[in-house]
Amino acid sequence: MSIALPIFSSDIDEQSQAPPLAPAQANRPGQLFDSHGRVIHDLRLSVTDRCNYRCRYCMDPDYSYMHKMELLSLQEYLTVVRVCVNLGITKIRVTGGEPTLYPELLPLLEALGAMPIKDIAMTTNGSLMTHRRAQAWRQAGLHRITLSLDSLRDDRIAHITRTKSNLQSTINAIKVAQAVGLTPIKVNAVMMRGVNDDEIADFADFAREHDIDMRLIEFMPLDSSRAWDRSAVVSADEMLDAINARHELAAVDRSDPHSPSLNFGFADGAPGRIGIIASVTRPFCGACSRLRVTADGKIRPCLFSLKEWDLRPLLRNGASDEDLAAFVVDAVWTKQKGHAINAADFVQPERTMSAIGG
Ligand code: SAM
């Protein structure tokens, strides 16, 4: 599938090259495939690289944002989504940066809500979430949210996020989400040795108390300070041991084989669930169904891609939906087999999680 690539002269760089042509079998109507036979149906769309937090595992205080002109417009995001949905994307997660800082969030959600998308989710730190905003998001078409909370202690939250945020702010966001029906609610916590790993079982209590899916995430090498070290990773096994010592866990049937988390309920039937995202010690790349588009229009077939495919020059030079679709099909075909965090020659991507979209 070949297309002419109209590009701005300022966009001519290595990243603006078209992906190699995928073979004909990649272009099956209504389904996006990569070259390893995985079906890609889950789009993570980042709508901003701005964030009001500076989480230590993600973004340094002096982190430089992209220029506003580099970011896609609302219409450009919607064009990308329309093309991806026509290709077989059925699930969208709006993320960032902090997506609630994106000025056009509501019109974006309204437009997504009018598209044939089965599952529309958003990841947010919840700090800017009010009842009124959440209700408007829900009415627009957002189905559910995932919040971030890395400690249950206010001093640690302040330390990790480098803000004055506190536990009550996340509890308020959970209550608002429950009240307006943005459920099921997931809450992400990145577990780091010596920082919050003594709170693992407390997070299980928190899940039970608030009837939420608590997702404990292994720290990944995606931080802007490049301070990631294997010794800072708290493994899935350690997390499971710590929780089981307080509350016996019961494995939950994997209703979604593409879910990144190992999912558990509580053996005593208490509300709440635990999900462990073990990207480092138990990679799940074989079941990956995800595709990422950054706020500046780069397709990242893998979270750890070292090569991105730039949609922006096409979007800004009047490419047709067919041209864009061909580009997406070719880009997805290049998705790497695995993230290679555990390989001796692993190279951390330039982009941090905040600039990719978590
Ligand atoms: N600002 C929103 C938030 O706080 O949820 C969305 C963006 S944030 C980058 C998305 C998710 O990425 C968060 O839940 C965070 O825990 C996760 N994350 C960021 N850096 C990470 C890292 N180095 N390892 C593991 N997870 C990370």
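All of these numbers come straight from a predicted model, not from anything done at the bench.

## Digging into the site of the ligand
What surrounds the ligand is a group of 18 residues, the closest being Tyr 57, Glu 98, Ser 148, Asn 188 and Met 220. Here a nitrogen atom of the ligand sits 2.9 Å away from a polar atom, N or O, in the main chain of Tyr 57. Between the ligand and Gly 97, the relevant distance is 3.0 Å, taken from a nitrogen atom to a main-chain nitrogen or oxygen of the residue. Its free accessible area being 550 Å², the ligand has 96% of it covered by the protein chains. Elements represented by at least two residues in the shell around the ligand include exactly strand S6 (119-124), strand S8 (186-191) and strand S9 (213-218). Along the lines of polarity and charge, the residues of the shell around the ligand split into 7 nonpolar, 9 polar and 2 charged.

## Observations concerning the sheet that holds strand S2 (residues 31-33)
Spatially, the 3 strands line up as an open sheet ordered S1-S2-S3, and their pairing is antiparallel. Looking at which strands have only one partner, the edges of the open sheet turn out to be strand S1 (27-28) and strand S3 (39-40). Across 2 bridges, the pairing between S2 and S3 is antiparallel. Counterpart to Leu 32 in the pairing with S3 is Ile 40. Where helix H9 (residues 321-333) meets the sheet, it contacts S1, S2 and S3, and its direction lies at approximately 40 degrees from that of S2.

## Description of the nonpolar core
Membership of the largest hydrophobic core comes to 91 residues, with the highest contact counts inside it found for Leu 108, Leu 112, Met 214, Leu 216, Ile 274 and Val 328. Among the elements that line this core, the one with the most residues is helix H1 (residues 74-87), at 9 residues.

## Points about the pairing of strand S13 (residues 290-293)
Here S13 shows no split at all, with Arg 290 and Arg 292 on one side and Leu 291 and Val 293 on the other all buried. Sheet topology places strand S4 (residues 42-46) next to S13; 4 bridges connect them, and they run parallel. Along S13, the bridge assignment pairs Leu 45 with Val 293. Connecting S13 to the antiparallel partner strand S14 (residues 298-300) that follows it, the hairpin turn spans 4 residues, and Gly 297 within it adopts a positive phi of roughly 85 degrees.

## Some remarks on empty space enclosed by the protein
One pass over the structure, following the stated rule, counts 2 cavities of 30 Å³ or more. The space that makes up the second largest cavity amounts to roughly 40 Å³. Residue lining of the second largest cavity: Arg 44, Lys 91, Arg 93, Arg 144, Lys 186, Arg 215 and Pro 260, and that is the complete set. When the residues that make up the lining of the second largest cavity are grouped by side-chain class, the tally is 1 nonpolar, no polar and 6 charged.

The rules behind these values
- Residues numbered from 1 in each chain as written.
- Predicted model: local features only at pLDDT ≥ 70, side-chain atom pairs only at ≥ 80, totals over all residues.
- Heavy atoms only, no water.
- Near = heavy atom within 4 Å.
- Polar contact = N/O pair within 3.5 Å; in protein donor to acceptor, adjacent residues only side chain to side chain.
- Areas by Shrake-Rupley, 256 points an atom, 1.4 Å probe, with all protein chains shown as cover.
- Helix = DSSP H or I, 4+ residues; strand = E, 2+ residues; numbered from the N terminus.
- Nonpolar A, V, L, I, M, F, W, Y, C, P; charged D, E, K, R; others polar.
- Pairing = 2+ DSSP bridges.
- Contact = heavy atoms within 4.5 Å.
- Axes fitted to C-alpha atoms, helices over the stretch in contact; angles between N-to-C directions.
- Core = buried A, V, L, I, M, F, W, Y, C linked by side-chain atoms within 4.5 Å.
- Buried < 20%, exposed > 50% of the residue type's maximum accessible area, 1.4 Å probe, protein only.
- 1 Å grid on protein atoms, 1.4 Å probe; cavity = no way out; pocket = protein on both sides within 12 Å on 5 of 7 lines; lining within 4 Å.
- Points joined across faces, edges and corners; volume = space filled by probe spheres on them.

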